[in-house]
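Results of the structural survey
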Amino acid sequence: MVEQLLDYTGKVALVTGGSTGIGRAAALAFARQGAKVAIGNPSDAGQKTADEILGLGGEAFFLKTDVSRAESVEALVNATLDTFGGLDCAFNNAGVLPPTVSLADVDDADFDRVIGVDLKGVFLCMKYEIRHMLKVGGGAIVNTASVAGVIADPGMAAYVAAKHGVVGLTKAAALDYATQGIRVNAVAPGIVRTPMIERWLRDEAFAANLLAGSPMHRAADPEEIAGTVLFLCSSMASFTTGQVYLADGGQTAH
Ligand SMILES: NC(=O)c1ccc[n+]([C@@H]2O[C@H](COP(=O)([O-])OP(=O)(O)OC[C@H]3O[C@@H](n4cnc5c(N)ncnc54)[C@H](O)[C@@H]3O)[C@@H](O)[C@H]2O)c1
């Protein structure tokens, strides 16, 4: 029964930031459940994930994409429709993490870059995805927020602002389209072992301190976040919209 509800056979899923980490894990999970997967990423590394899916016997393509640019996002959505003939689910996941510094020391260019990718990127993706979903009467969207989208951490002003913004955008879009068959939710991961935070986890003392603040005392594997994404995009979550699903090992339960 559960397997049937998570069956994505014949469905099309779009994943941004699918070259590594959480995006790659979600792209592979969608493909393993039968979905055709479109991957948008700024570097050619996204092709590797597409190749992995093809190697599994699935269907996938990669398009070089910068989510902070409207024409690039529109091109990705159009290519998805041209290649696969539809778009059922979108995982707007691309993100960057700026250097850890207190607010007065945040470089203006770093602030603009984080807001551009992590927040405006989610807005642009939803804008073009939803335009299509409205035409066909529905779809499911999951945006990647973060624990930093619901609480703040020191030294992360730009990232915290962007991720709180993702939570706001998610709720706003959910309300705009609740009666039109489009569900919009966010996943808010805690500490996940991906290239983004490699520099933190490599520093043993820093990592020990970081993980001590997490009730499970460990980082998640990216696949553990992918499961939440597939659930939220599936009919198992058909009455869930405008929500932030914390996949954080209990970090915010304190
Ligand atoms: N790793 C964690 O602990 C953690 C925790 C909470 C939230 N997140 C969020 O999860 C998401 C995925 O990050 P990750 O941890 O898998 O790290 P990652 O660095 O492996 O993945 C980030 C992805 O975003 C892509 N990307 C960067 N700029 C882009 C752009 N302009 N256009 C399109 N794609 C772009 C990268 O190429 C990469 O594929 C991010 O939004 C991140 O903020 C991560």
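In short, a report on the structure.

Side note on the site of the ligand
- Near the ligand you find 28 residues, and of these T20, I22, N93, Y159 and T194 are the closest.
- A distance of 2.9 Å separates an oxygen atom of the ligand from a polar atom in the side chain of K163.
- Within the contact set of the ligand, an oxygen atom lies 2.6 Å away from a side-chain nitrogen or oxygen of T194.
- The cavity where the ligand resides is the largest pocket.
- Of all the secondary structure elements, the ones that give two or more residues to the shell around the ligand are helix 2 (21-32) and helix 6 (157-177).
- Tallied by class, the residues present in the shell around the ligand amount to 14 nonpolar, 12 polar and two charged.

Focus on the sheet that holds strand 1 (residues 12-16)
- Ordered by their spatial adjacency, seven strands build an open sheet running 3-2-1-4-5-6-7, and the pairing between neighbours is parallel. Two strands in the sheet have a free side with no partner beyond their single neighbour: strand 3 (60-64) and strand 7 (244-247). The sheet shows a mean angle of 20° between the axes of neighbouring strands, taken without regard to direction.
- Sheet topology places strand 1 next to strand 2 (residues 36-41); five bridges connect them, and they run parallel. Bridging across to strand 2, A13 finds its partner in V37.
- Packed on one face of the sheet, helix 3 (residues 46-55) meets strand 2 and strand 3 and runs near 175° to strand 3.
- The strands that helix 5 (residues 108-136) touches are strand 1, strand 4 (89-92), strand 5 (139-144) and strand 6 (182-189); relative to strand 5, the one it contacts most, it runs at about 175°.

What counts, and at which threshold
Residue positions within a chain follow its written sequence, with the count starting from 1. Residue-level local features of this predicted model are given only where pLDDT is at least 70; pairs of side-chain atoms are given and counted only at 80 or more, and the full residue set underlies all totals for whole chains, interfaces and linings. Only hydrogens and water are set aside; all other atoms, that is, all heavy atoms of the structure, feed into the side-chain values. One heavy atom suffices: a residue is near a molecule or strand as soon as one of its heavy atoms comes within 4 Å of it. Nitrogen and oxygen atoms within 3.5 Å of one another constitute a polar contact, given that in protein one can donate a hydrogen and the other can accept it, and given that sequence-neighbouring residues count only through two side-chain atoms. A cavity, in this analysis, means grid points on a 1 Å lattice covering only the protein atoms where a 1.4 Å probe fits yet has no way out; a pocket is instead an open set bounded by protein on both sides within 12 Å along at least five of seven lines, and a residue lines either one if it has an atom within 4 Å of a point. Put plainly, a molecule is in a cavity or pocket when over half of its atoms are within 2 Å of the grid points there. Helix numbers and strand numbers start at the N terminus; a helix is a DSSP run of H or I with at least 4 residues, a strand a run of E with at least 2. Gly is put with the polar residues, along with every residue not named as nonpolar or charged; the nonpolar set is Ala, Val, Leu, Ile, Met, Phe, Trp, Tyr, Cys and Pro, and the charged set is Asp, Glu, Lys and Arg. Strand pairing is defined by DSSP finding a minimum of two bridges between the two strands. Each axis is a line fitted through C-alpha atoms, and for a helix only the stretch in contact is used; angles between axes span 0 to 180 degrees, taken between their N-to-C directions. Contacts between residues were defined by any pair of non-hydrogen atoms, one from each residue, lying within 4.5 Å.

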